[in-house]
Amino acid sequence: MLHIYCPHCREHREEEEFHVKGQAHIARPLDPDSCTDKEWGEYLFFRKNPRGLHHEIWYHTTGCRKFFNVTRDTVSYEIKEVYKIGEQPQVVAKG
Amino acid sequence: MQRYSGFGLFKHSLSYHENWQRAWRNPTPKKKYDVIIVGGGGHGLATAYYLAKEHGITNVAVIEKGYLGGGNTARNTTIVRSNYLWDEAAHLYEHAMKLWEGLSQDLNYNVMFSQRGVLNLGHTLQDMRDIQRRVNANRLNGIDGEVLDTKGVQEIVPHMDCSANRRYPVLGASWQPRAGVARHDAVAWGFARGADSYGVDLIQQCEVTGMVIEDGAIVGVETNRHGKIMADRVGCVTAGNSGVMAKMAGFELPLESHPLQALVSEPIKPILDTVVMSNHVHGYVSQSDKGDLVIGAGIDGYTGYGQRGSYPTIEHTLQAIVELFPIFSRVRMNRQWGGIVDTCPDACPIISDTPVENLFFNCGWGTGGFKATPGSGNVFAATLAKGEAHPLAKPFSMFRFHNGALIDEHGAAGVAH
Ligand SMILES: Cc1cc2nc3c(=O)[nH]c(=O)nc-3n(C[C@H](O)[C@H](O)[C@H](O)COP(=O)(O)OP(=O)(O)OC[C@H]3O[C@@H](n4cnc5c(N)ncnc54)[C@H](O)[C@@H]3O)c2cc1C
Ligand SMILES: [Zn+2]
């Protein structure tokens, strides 16, 4: 069971209160019509799937119902940091 | 290869079973092969077997970082069925089903394929409409299937609670009588022994750590124990680790790796002689020959490579099983584990050429690839032998995520298994 700190509620809560929503920091192409099929397909379907540090969006489903970002190690599952939407991660993978 | 038979069993009993030939060799790799297969799970071993048997390509190595079949092949709950909705998927899984039906004889190895039937339950009117549609589609594709009502389900599974006043009443089910279960380890071992008998080198405890690429074409792989091993073609069959392998070759795949868990109970007397699955309450259960209940459900929501999952998922799984079978509520669970499944956005696999010439990938089977093991190996072997996709594999190109020709099997893939 993960213990997750919600930066909005400012408390640790149990994993069951949250849903993970996948990779964070995905920018929608500014002009979709000018994308090639490859660019659009990559925006829709291709996600980073790192073995190691991953930045992802979590949703406090049964709490404050707000979104925030988490940096998590996908091998140890350890949560390295929690930060709000619009902020950048401090812990990043080398290289 | 020493053939297994009743007579052989008797003969070896006279020498206390101490003189059986080893099932496969443990060779040191050569410098170069015609084909290298990365990943010694069921799919990789089946690929090697059919390459040798059907295409006469025997200068082949399977390179496995752990032991043969130690990945998802040995961690899955062994449900085999072919009742998928769309033509492309239905044809591929039915191809596998036909191979399953003769597999023990073909391999001279008992894979304990048991066609005990699979029920996919419906609990809402929409569930039942989807079931009608899927069964009709299956029949048009020559795949057996029936739509059952509550009474029909109750007759097959008398111990399930099918009463009308449940929170999720069982309104009916789809029923595929030819579906069932098989012994997962035996499948890996049978294909391994078969491939070895044709001269395929099975290299265990050897991790592929890099791809040797020259002028946009693959010419070999780097390994941690045997240095560079060269090859004309490379097939990568690494399930949950496929995203990492693609990165080594310099491209991305639309895969996300998730933990998927399963549990088995203490062995109990025979009570369930079929497989029961429910997308809606989200769980499935069968009973192994040993007597333990084999139980599974959904993936863990987050991505991960840790080969274990989290407790809330186990709790939800068991809630679903007890909802269907209140009679199981006091059965104790014996073991629990996780595997890493490579899920694809359309719940269908990737069997494909790649941006690197002579490098092919067979992955993305996600939560449900065990049932496809012989078929997957069979079409991937043809793909590697000819250098272009087998007709059944063609729709499963990785480039469908660029041109939009997705094959949405989320409905029939249903509860993760
Ligand atoms: C809990 C659970 C339940 C499931 N239930 C079902 C079910 O009921 N029915 C069904 O049809 N499917 C089921 N599945 C899915 C099924 O197990 C898989 O789709 C299938 O086994 C994949 O086979 P594979 O040979 O491709 O993968 P694996 O058996 O995982 O083989 C891949 C191999 O590649 C090796 N490898 C990875 N990286 C490297 C490297 N760098 N170098 C060398 N080797 C490497 C790994 O060690 C591994 O042995 C389940 C999966 C899980 C986890
Ligand atoms: Zn909150």
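A brief look at the structure comes next. Once a new chain begins, its residue numbering starts again from 1 and follows that chain's sequence as written. Chain letters and ligand numbers both follow the written order, the letters beginning at A and the numbers at 1. In keeping with the model being predicted, local features are shown solely for residues with a pLDDT of at least 70 and side-chain atom pairs are shown and tallied solely at 80 or more, while totals for entire chains, interfaces and linings include all residues. Hydrogens and water are ignored here; the side-chain numbers use all heavy atoms of the structure.

### Describing the interface of chain A and chain B
Thinking step 1. Between chain A and chain B, the contact holds 24 residues from the first and 28 residues from the second.
Thinking step 2. Buried area, as used here, totals the accessible surface that two parts lose on assembly, with accessibility defined by a 1.4 Å probe and the loss added over both. A combined buried area of about 2,200 Å² lies between chain A and chain B, and 53% of that area is made up of carbon and sulfur atoms.
Thinking step 3. The three residues of chain A that bury the most area against chain B are Phe46, Asn49 and Tyr77 of chain A, which together make up 32% of that side's buried surface.
Thinking step 4. For this analysis, a salt bridge means a side-chain nitrogen from Lys or Arg found within 4 Å of a carboxyl oxygen belonging to Asp or Glu. The tally of links between chain A and chain B comes to zero salt bridges.
Thinking step 5. Whenever a nitrogen or oxygen atom comes within 3.5 Å of another N or O atom, the pair is scored as a polar contact, on the condition that within protein one atom can donate a hydrogen and the other can accept it, and that pairs from neighbouring residues in sequence are kept only if both atoms are in side chains. Counting across the chain A and chain B interface gives 13 residue pairs in polar contact (both at pLDDT 80 or more). Between two residues, a contact is recorded if the distance between any of their heavy atoms is within 4.5 Å.

### A short note on the environment of Met398 of chain B
Thinking step 1. For the purposes of this entry, the term helix denotes a DSSP run of H or I that reaches at least four residues, the term strand denotes a run of E that reaches at least two, and both are numbered from the N terminus. With respect to the helices and strands, Met398 of chain B occurs in the loop between helix H10 (373-386) and helix H11 (400-403).
Thinking step 2. Once you skip the residues sitting within four places of it in the chain, Met398 of chain B turns out to touch Phe251, Glu252, Leu253, Ile350, Ser352, Asp353, Thr354 and Pro355 of chain B.

### What to know about the side chain of Thr354 of chain B
All names here are of chain B.
Thinking step 1. Position of Thr354 relative to the elements: it lies in the loop between strand S17 (350-353) and strand S18 (359-363).
Thinking step 2. Reaching out from Thr354, the side chain makes a polar contact with the backbone oxygen of Val356 at a distance of 3.0 Å.
Thinking step 3. Here Leu359 takes part through its backbone oxygen, which lies 2.8 Å from a polar atom of the side chain of Thr354.
Thinking step 4. If sequence neighbours within four positions are ignored, Thr354 has contacts with Phe251, Leu359, Phe360, Phe361, Met398 and Phe399.

### Quick look at a nonpolar patch on the surface
Residues and elements named next belong to chain B.
Thinking step 1. Patches here: salt-bridge-free residues with over 30% relative accessible area, like charges joined within 9 Å, nonpolar side chains (Val, Leu, Ile, Met, Phe, Trp, Tyr) joined within 5 Å. For accessible areas, the Shrake-Rupley method is used with a probe of radius 1.4 Å. Any residue's cover is judged against the shown protein chains and nothing else. The grouping of Phe7, Phe10 and Leu14 at the surface amounts to a nonpolar patch, some 390 Å² of accessible area in total.
Thinking step 2. Mapping Phe7 onto the fold places it in helix H1 (residues 6-13).
Thinking step 3. Residue Phe7 is classed as exposed on the basis of its relative accessible area, which comes to 61%. Relative accessibility decides the category of a residue: with a 1.4 Å probe and only protein chains considered, values under 20% of the type maximum give buried, values over 50% give exposed, and everything between is partly exposed.

### Remarks on the layout of surface pockets
Thinking step 1. Approximately 650 Å³ is the volume attributed to the second largest pocket.
Thinking step 2. Points on a 1 Å grid, built from protein atoms alone, make a cavity when a 1.4 Å probe fits but cannot get out and make a pocket when they are open with protein on both sides within 12 Å along at least 5 of 7 lines; residues with an atom within 4 Å of a point are the lining residues. Taken together, 23 residues form the lining of the second largest pocket, with His19 of chain A together with Ile299, Asp300, Gly301 and Thr313 of chain B sitting closest to its centre.
Thinking step 3. When contributions to the lining of the second largest pocket are tallied by element, the ones reaching two or more residues are strand S3 (19-23) of chain A together with strand S12 (256-267), strand S15 (292-299) and helix H9 (311-324) of chain B.
Thinking step 4. Ranked by residue count, the leading element in the lining of the second largest pocket is H9 of chain B, at four residues.
Thinking step 5. Under the convention adopted here, Pro, Cys and the residues Ala, Val, Leu, Ile, Met, Phe, Trp and Tyr are nonpolar, Asp, Glu, Lys and Arg are charged, and Gly plus all remaining residues are polar. Of the residues belonging to the lining of the second largest pocket, the class tally is nine nonpolar, 10 polar and four charged. Grid points are joined across faces, edges and corners, and a volume is the space filled by probe spheres set on the points.

Bear in mind that shape data such as this cannot, by itself, settle questions of function.
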